[in-house]
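This is what each chain is made of:
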Number of protein chains: 2
Amino acid sequence: MTDPSGQSPRERYRVQVREEVKRHAWEQIATAGVPALSLNAIAKQVGMSGPALYRYFASRDELITELIRDAYRSLADTVHEAAGDGADLSRLAWTIRDWARADPQRYFLIFGTPVPGYHAPDDITAISSEVMAVLLDASAATSLNRAAATTKRTPLDIHLDIHRDWVGDHPATGETMRRALLFWTRLHGILSLDLAGHFTGMNLNPDLLITEELTALRGR
Amino acid sequence: MTDPSGQSPRERYRVQVREEVKRHAWEQIATAGVPALSLNAIAKQVGMSGPALYRYFASRDELITELIRDAYRSLADTVHEAAGDGADLSRLAWTIRDWARADPQRYFLIFGTPVPGYHAPDDITAISSEVMAVLLDASAATSLNRAAATTKRTPLDIHLDIHRDWVGDHPATGETMRRALLFWTRLHGILSLDLAGHFTGMNLNPDLLITEELTALRGR
DNA sequence: TCGCTGTAGTTAGAACCTATAACGCCAGCC
DNA sequence: GGCTGGCGTTATAGGTTCTAACTACAGCGA
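All residue numbers here refer to positions counted from 1 along the written sequence of the relevant chain. Chain letters start at A and ligand numbers start at 1, both assigned in the order the entries are written. Thresholds applied to this predicted model are a pLDDT of at least 70 for local features of residues and 80 or more for the giving and counting of side-chain atom pairs; totals over whole chains, interfaces and linings are not thresholded and use all residues. Heavy atoms from the whole structure form the basis of all side-chain values; hydrogens and water molecules are not counted.

Per an unreviewed UniProt entry, chain A goes by the name Transcriptional regulator, TetR family and belongs to Actinokineospora terrae.

Q: So what's going on with the protein's contact with DNA strand D? Residues and values would help.
A: Throughout, near means a residue has at least one heavy atom within 4 Å of the molecule or strand. Neighbouring DNA strand D are 21 residues, the closest being L39(A), Y54(A), R60(A), R55(B) and Y56(B). Backbone atoms, meaning sugar plus phosphate, form 59% of the atoms of DNA strand D positioned within 4 Å of the protein. R10(B) places a side-chain nitrogen or oxygen 3.2 Å from a base nitrogen of DNA strand D. Residues adjacent in sequence count toward polar contacts only when both atoms are side-chain atoms; beyond that, a polar contact is any pair of N or O atoms within 3.5 Å, and within protein one must be able to donate a hydrogen and the other to accept it. One nitrogen or oxygen atom from the side chain of Y13(B) is found 3.1 Å from a phosphate oxygen belonging to DNA strand D. Numbering goes from the N terminus for both helices and strands, where a helix is a DSSP run of H or I of at least four residues and a strand is a run of E of at least two. Among the elements of the structure, helix 1 (9-32) and helix 2 (39-45) of chain A together with helix 1 (9-32) of chain B are those that each provide at least two residues to the surface near DNA strand D. Considering every element that reaches the surface near DNA strand D, the biggest residue donor is helix 1 of chain B, with three residues.

Q: Requested: an account of the packing of aromatic side chains, with residues and values cited.
A: Residue and element names in this part refer to chain A. Classification of ring pairs uses Phe, Tyr and Trp, with its six-membered ring standing for Trp, and accepts pairs whose centres are within 6.5 Å; under 30 degrees between planes counts as stacked, over 60 as edge-to-face, and the remaining range as tilted. The tally for this structure, following the rule as stated, stands at eight aromatic pairs over all chains. Both rings, one in Y107 and one in F108, keep their centres 5.8 Å apart while their planes meet at 85 degrees; by these two values the pair is edge-to-face. Buried residues are those whose accessible area, probed at 1.4 Å on protein chains only, stays under 20% of the maximum for their type, while exposed residues exceed 50% and partly exposed ones sit between those limits. Y107 sits in the buried class, given a relative accessible area of 3%. By relative accessible area, F108 is classed as buried at 3%. Clustering of aromatic rings is evident, with ring pairs tying together W99, Y107, F108 and F111.

Q: Hey, could you go over the relation of the copies chain A and chain B for me, with residue numbers and the actual values?
A: At an RMSD of 0.0 Å, chain A and chain B line up after a rotation of 180 degrees and a shift of 0.0 Å along the axis. The superposition of one copy onto the other is thereby described by a two-fold rotation axis. The rotation axis passes nearest to the C-alpha of G189(A) in chain A, at a distance of 1.8 Å. Interface residue correspondence from chain A to chain B reaches 100%, placing this contact among same-surface, isologous pairings. Superposition of the copies used a least-squares fit over C-alpha atoms from residues whose pLDDT is at least 70 in both. The contact rule is simple, with two residues in contact once any of their heavy atoms fall within 4.5 Å.

Q: If you had to explain the interface of chain A and chain B to someone new, which residues and values would you point to?
A: How big an interface is tends to be reported as the loss of accessible area on association of its parts. Listed as interface residues are 49 residues of chain A and, on the opposing side, 49 residues of chain B. Roughly 4,100 Å² of surface becomes buried between chain A and chain B when both sides are summed, with 66% attributable to carbon and sulfur atoms. The term salt bridge refers to a pairing of a side-chain nitrogen on Lys or Arg with a carboxyl oxygen on Asp or Glu at a separation within 4 Å. On the surface where chain A and chain B come into contact, there are four salt bridges. Of the charged contacts in the structure, one is a salt bridge between E213(A) and R186(B), with a shortest N-O distance of 2.7 Å. Applying the counting criterion to the chain A and chain B interface returns 17 residue pairs in polar contact (both at pLDDT 80 or more). Every element with two or more residues in the side of chain A that touches chain B is listed here: helix 1, helix 5 (104-111), helix 7 (155-162), helix 8 (174-195) and helix 9 (206-218) of chain A. If one sorts the elements of the side of chain A that touches chain B by residue count, helix 8 of chain A sits on top with 12 residues. Residues are grouped as follows: nonpolar covers Ala, Val, Leu, Ile, Met, Phe, Trp, Tyr, Cys and Pro; charged covers Asp, Glu, Lys and Arg; every other residue, Gly included, is treated as polar. A per-class count over the side of chain A that touches chain B returns 27 nonpolar, 16 polar and six charged. Buried area: the sum, over both parts, of the accessible surface (1.4 Å probe) that disappears when the two are put together.

Q: A description of the UniProt feature "DNA-binding region" (unreviewed entry) in chain A should follow, citing residues and the corresponding values.
A: UniProt positions are given in the numbering used here, feature names are shortened, and annotations may be inferred rather than shown by experiment. UniProt tags residues 38-57 of chain A as "DNA-binding region" (unreviewed entry). With 35% helix and 0% strand, residues 38-57 of chain A has end C-alpha atoms that lie 13 Å from one another.

Q: Explain the packing of helix 4 (residues 89-102) of chain B against helix 5 (residues 104-111) of chain B residue by residue, including any values.
A: Residues and elements named next belong to chain B. Between N-to-C directions, angles cover 0 to 180 degrees, with each direction set by a line fitted to C-alpha atoms, over the stretch in contact for helices. Running from N to C, helix 4 and helix 5 point in directions that differ by 105 degrees, and their axes come no closer than 5 Å. Overall, the two elements helix 4 and helix 5 adopt an arrangement that is roughly perpendicular. Along the contact surface, helix 4 presents W99, A100, R101 and A102, while helix 5 presents P104, R106, Y107 and I110. Within the contact of helix 4 with helix 5, the residues separate by chemical class into six nonpolar, no polar and two charged. Each angle receives one of four descriptions, namely roughly parallel if under 35 degrees, roughly antiparallel if over 145, roughly perpendicular if within 65 to 115, and oblique otherwise.

So, in structure tokens, the structure goes:
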């Protein structure tokens, strides 16, 4: 995460402790969710008593924000790595699925229930844009079926030609934007419902849903 | 919600107070999310002091479970009503969108971040099945394009023919099941990301995404 | 090498929270 | 019309976040 090299001994120690705190925080979140995260409990686990932890994190919210940042960073790094060796949407989907499954609560920290007033800091939304950029790349790298070209333009197509704000300076066509967007919403729909347990007892294989959506996305 | 008629005066009063408590609980949740929900604060709002509220709800978790139940019930009633006058998937989608937008936190109470250990009571999963049944009805009532029939069977199609557990005794074809499922995951993907604010700043109209998915679902 | 300084730890305590216990009162039931 | 049980109270235990005041020592500069 944060590079401890090239710092003063004090800085190094500080970074080390912060990292250890976050490790324990992730454990707590994984087993009992964010609401159960207790600074007190963490402090005892790392061997200090209560308020000492506030030397490292100004508040519970700051710790959580840091965890959200790390989660985004992890996702961005993961998709970057997959994109490194030229990934299309299919490859990307399975990568994201694996990443989500590895720690469902981490996934929900990003894509789960929002806190009504909360607004993410700019550097976090910047990481989110990174992910979107990779998505657009993968979308552009994914070939279409023959039949796809013939379909007529939808209201969404027109809308995306006009409103290109979120692609930034990415040279994406409307079609590329469209597929990236639908890829995102569809994959999230499946992963979210699956990880939240809404498929339990249905005897349903979520991977087949992903496969289905991937072929659907090729054929328009 | 709960019918106060035909009960003893004590029962009637009890139901009334419980309902008032839940009203205040929903307000708190809507403005600050579930974690901020405080029994103490609610008790003061309804004019009683702290522990008195435990006469009506055994614990905070029980209150929340009750709210989840009411949320499911509300969703089921809403889709039932829409289905009453023969709704197809399109009609259903806008109905659910409106219901979700009316109280995003209510939506996330059902479809948001899960609590790792939590297992919903049977009567709640029963309501969930009700919703699925309406979805299957609407799916069956939605006509397909001509081109759709010619497409070859996917792994999902085969899977759904074998694993029909979740449809219960509903006489749904594999194609009906498939569309109901994809409708659910796709709509949830869009609504969830939208309500969580992941589209903010993107200058994107989520309704167009829904429209796009609805036409896509007709054409297979 | 020495002394200063600021960081990191301590305990105490305020202000919340959930939840239980013990007790009183009075409305509704028989 | 009396009994009883449900509803309210306060007190209390144990949990939380977070601030304040204080101490000790490690690292930094001279």
